[in-house]
Structures are given as structure tokens and as C-alpha cells.
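Examining the three-dimensional arrangement
The primary structure of each chain is shown beneath.
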Amino acid sequence: MVALIVGILLIAFCIFACLPMGLAWTADVLNFLRGCAPVLAAFVGLIAVFIGFADIKDKKEARKEELEARKEEETK
């Protein structure tokens, strides 16, 4: 409940700060977003690569287990 209230307050502050009648930080916020976009894209790309490697590893292990199960059934 507290996290929800804090989240709503932070979103309200962000909206207030960007409004011209509020703090008028719109230009600063846009400059920040332009500056952090490449860094954010690099982090997201790095996470996607790690997830891809983990997925490939999991698929290999699943195939190996499936082959072992088939061999076990054939020997029975």
C-alpha cells in the first residue's frame, strides 16, 4: 500500500515538474532522456544477449534429457 502511494506521488511530481505552469523542467527532462537513451539501449541489449544464451543452454539441456529418456525407454 505504501509503495502504491509513493509511486502515485512520484508520478504526480513528474507530471507537475514537466508542466509549463509547474516547474517547467520539460526541456531538462527531454535532454536527460536523449542522453540516457543510448545507455539504456545498451543495457537492454546486454540483458537480451544474456537471456538468449540462457535460453540456448536450457534448450540443449532439454534435448540431452530427452535423448537420455529415449535411451532409457529403449533399454527396458
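Relevant structure appears above.
Okay, so let's go over this structure. (Residues numbered from 1 in each chain as written. Predicted model: local features only at pLDDT ≥ 70, side-chain atom pairs only at ≥ 80, totals over all residues. Heavy atoms only, no water.)

Description of unusual backbone geometry
The phi dihedral of Ala 24 is positive, around 55°, even though this residue is not glycine. Tracing the backbone shows Ala 24 in the loop between helix H1 (2–18) and helix H2 (26–75). (Helix = DSSP H or I, 4+ residues; strand = E, 2+ residues; numbered from the N terminus.)

Concerning a negative patch on the surface
Among the surface-exposed residues, Asp 58, Glu 61, Glu 65, Glu 68, Glu 72, Glu 73 and Glu 74 lie close enough to one another that they form a single negatively charged patch. With respect to the secondary-structure elements, Glu 73 resides in helix H2. We classify Glu 73 as exposed; its relative accessible area is 62%. (Patch = residues over 30% accessible without salt bridge, like charges linked within 9 Å, V, L, I, M, F, W, Y side chains within 5 Å. Areas by Shrake-Rupley, 256 points an atom, 1.4 Å probe, with all protein chains shown as cover. Salt bridge = Lys/Arg side-chain N within 4 Å of Asp/Glu carboxyl O. Lys, Arg positive; Asp, Glu negative; His and termini not counted. Charge placed at Lys NZ, Arg CZ, Asp CG, Glu CD. Buried < 20%, exposed > 50% of the residue type's maximum accessible area, 1.4 Å probe, protein only.)

Brief notes about the pattern of salt bridges
If the charged atoms of two oppositely charged side chains come close together, the side chains can form a pair. Scanning all chains against the criterion turns up two salt bridges. Of the charged contacts, one joins Asp 55 and Lys 59 as a salt bridge, the two residues approaching to 3.8 Å between their closest N and O atoms. Here the residue Asp 55 and the residue Lys 59 both occupy positions in helix H2, the gap between them amounting to four residues, near one helical turn. Overall, Lys 59 belongs to the partly exposed group, its relative accessible area being 47%. Residue Glu 66 pairs with Arg 70 through a salt bridge whose shortest N-O separation is 2.8 Å. With Glu 66 and Arg 70 both in helix H2 and four residues apart, the pair spans about one turn of that helix.

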